[in-house]
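# A closer look at the structure
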Amino acid sequence: MRSLPPAHRPLADALALGPALLARARSAPAAPWLAASLVEGPAVVLGAAQRAGRVVDLSACAARGAPVFRRSTTGTAAFLGGRGVLWTLALPHVAALAPDATARTLLNRNVRGFLRGFTRAGAPAHYFGREWISLQHRPAALLGVDAAEDGAVLIEVLAGHDAPLAIPAELAAPDERAVDRWLGKAPAALAEVLPARSSPEALARTVVEEIALRAGLPLIDGGAPELEAERLQPITAPDDPAPPGAGPAVLARVPIGWIEAAALGGAPARAWLGGDVLTARWLLDALGRGVDPASLDTGAAPLEGAGLSDLRALVQRALSADGALDR
């Protein structure tokens, strides 16, 4: 397993590692890549497909000095209130670390190394499905996922050391405040659940070691990462990432929270599709274009927190609301 030693990185650089390591995992010779970044807030980190204004109040975030960034993996948002750790795991294919893994069991199989790492560090860890890992029976680490059409996979795990990952109520938009993200449990900061005097640096190393040990792979230094020439910029537009000119967003509640869609105009009729769902961005794009799922290899895409029928129905609602289906 190729790895980048745990290092302090600006949050924007740590988030840029996702696409960079996924590209490396897919290139010859294909191999898993793993990195741990020690990051600092305050900041909000949105999932790849979440519309910013539906999740946070951008004005309130600016007033608090908490920039809003977007990661390249789908899923739900997190608040980084101080120090934290972001682990980035890129796989050339879904079963690269766990031979029995499929797209639909991707997270279940690949979180196991993380669970062992957290537990070894002194915080017994469990995963009950969907988007977060529990430490000492409290939500403490958030999961994000993306997959390429060729089967390569990206998993990100973010945990806050000094403050829990929950978005503070004063920064959250009304639709975000309406969702019980944590199933009635109080999210925890790492400092609350790890032994006294534990450091984020030591935790970062321990988790990396346990992921490699569980996979039975040696850690090989991968050298300096090549990041995108342009650093990630904070988000300032409430409709981001919907393209300019998109129609009004329509929302639907699903088990993970919300999915949302907006008509894009033109012909043929198409829509932007996003929300809290954990899935591949290419699948959201294809469904927004109206591609029949029967013609897609949807079994190759992870899908957690909503169903294909939910996503297709919302696209139709957005197009109907815009009148695009009548044109």
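My aim in this report is to walk through the structure given alongside it, one point at a time. Small disclaimer: the values here were computed from a predicted structure and weren't measured. (Residues numbered from 1 in each chain as written. Predicted model: local features only at pLDDT ≥ 70, side-chain atom pairs only at ≥ 80, totals over all residues. Heavy atoms only, no water.)

### Here we look at the overall build of the chain
Helix and strand content of the chain: 10 helices and 16 strands. Compactness check: the chain gives a C-alpha radius of gyration of 19 Å against a globular reference of 20 Å for 327 residues, within 12% of the reference. The C-alpha extent of the chain, read off along each of the three principal axes, is 60 × 45 × 40 Å. Split into buried and exposed, the 327 residues of the chain put 55% on the buried side. (Helix = DSSP H or I, 4+ residues; strand = E, 2+ residues; numbered from the N terminus. Rg over C-alpha atoms; globule rule 2.2 N^0.38 Å. Buried < 20%, exposed > 50% of the residue type's maximum accessible area, 1.4 Å probe, protein only.)

### Focus on the nonpolar core
Ranked by internal contacts, the top residues of the largest apolar core, which has 66 residues, are Trp-87, Phe-114, Phe-118, Ile-133 and Leu-135. Looking at this core, the element that brings in the most residues is helix α8 (residues 200-215), giving 6 residues. (Core = buried A, V, L, I, M, F, W, Y, C linked by side-chain atoms within 4.5 Å.)

### Some details on the pattern of salt bridges
For the structure shown, the criterion picks out 18 salt bridges. Across the pair Arg-26 and Asp-150 runs a salt bridge, and its minimum N-O distance is 2.9 Å. Taken together, the positions of Arg-26 in helix α1 (residues 11-26) and Asp-150 in the loop between β9 (138-147) and β10 (153-160) put the pair 124 residues apart, joining distant regions of the chain. On the basis of relative accessible area, Arg-26 is assigned to the partly exposed category, the value being 43%. For the salt bridge of Glu-260 with Arg-54, the shortest nitrogen-to-oxygen distance reads 3.0 Å. A residue pair is termed long-range when its members are at least 10 positions apart, and Glu-260 in strand β13 (residues 257-263) and Arg-54 in helix α2 (residues 52-55) qualify at 206 residues. Of the two residues examined, Glu-260 and Arg-54, each falls in the buried class. Each of Arg-51, Arg-54, Glu-176, Arg-181, Asp-239, Glu-260 and Asp-276 takes part in a single network of salt bridges with overlapping partners. (Salt bridge = Lys/Arg side-chain N within 4 Å of Asp/Glu carboxyl O.)

### A few points about the sheet that holds strand β2 (residues 33-40)
Spatially, 8 strands are ordered β7-β8-β9-β10-β6-β2-β1-β11 in an open sheet, and the strand pairing comes out mixed. Each edge of the sheet is formed by a strand with only one pairing partner; in this case those strands are β7 (125-127) and β11 (220-221). Where β2 meets strand β6 (residues 83-91), 8 bridges bridge the pair, whose relative direction is antiparallel. Pairing of Val-39 across the sheet is with Gly-84, part of β6. In the packing of helix α5 (residues 112-120) onto the sheet, contacts are made with β6, β7, β8 (132-135), β9 and β10, and the angle to β7 comes to roughly 155°. (Pairing = 2+ DSSP bridges. Contact = heavy atoms within 4.5 Å. Axes fitted to C-alpha atoms, helices over the stretch in contact; angles between N-to-C directions.)

### Description of helix α9 (residues 281-288)
Of all the 8 residues making up α9, 6 are buried; the element is thus mostly covered by neighbouring parts of the structure. Taken together, the buried positions of α9 are occupied by Trp-282, Leu-283, Leu-284, Ala-286, Leu-287 and Gly-288. Positive backbone phi, approximately 85°, marks Gly-290, located one or two places after α9.

### With respect to the sheet that holds strand β3 (residues 43-46)
Across the sheet, 3 strands lie side by side as β4-β3-β5; this open sheet has mixed pairing. Looking at which strands have only one partner, the edges of the open sheet turn out to be β4 (68-70) and β5 (78-80). Across the sheet, the mean angle separating the axes of adjacent strands is 30° when strand polarity is ignored. Where β3 meets β4, 3 bridges bridge the pair, whose relative direction is parallel. In the sheet register, Leu-46 faces β4, and the bridge partner there is Arg-70.

### Structural notes on unusual backbone geometry
In this structure, Pro-42 follows Gly-41 across a cis peptide bond, with omega equal to 10°. Following the sequence through the fold, Pro-42 ends up in the loop between β2 and β3. Here the residue pair Asp-240 and Pro-241 is connected by a cis peptide bond, since its omega of 15° sits within 30 degrees of zero. Position of Pro-241 among the secondary structure elements: in the loop between β11 and β12 (250-254). Backbone geometry places Gln-136, a non-glycine residue, at a positive phi of 50°. The residue Gln-136 is located in the loop between β8 and β9 in this model.

### Describing the packing of aromatic side chains
Taken as a whole and judged by the stated rule, the model has 3 aromatic pairs. Ring centres of Trp-87 and Phe-114 lie 6.3 Å apart, and the angle between their planes is 80°; this geometry places the pair in the edge-to-face category. Highlighted residues: Trp-87 in strand β6 and Phe-114 in helix α5, separated in sequence by 27 residues. The class for Phe-114 is buried, based on a relative accessible area of 0%. Arranged with centres 5.5 Å apart and planes meeting at 90°, the rings of Trp-87 and Phe-118 form a pair that is edge-to-face. Of the two residues, Trp-87 is situated in strand β6 and Phe-118 in helix α5; the sequence distance between them amounts to 31 residues. Relative accessible area serves as the criterion here: at 0%, Trp-87 is assigned to the buried category. Under the relative-accessibility criterion, Phe-118 is labelled buried at 0%. Through a chain of ring-to-ring contacts, three or more aromatic side chains come together here, namely Trp-87, Phe-114 and Phe-118. A cation over a ring is seen here: Arg-253 above Trp-258, with NZ or CZ 5.1 Å from the ring centre. (Phe/Tyr/Trp six-rings, centres within 6.5 Å; stacked < 30°, edge-to-face > 60°. Lys NZ or Arg CZ within 6 Å of the ring centre and 35° of its normal.)

By themselves, these are just geometric observations and shouldn't be taken as functional.
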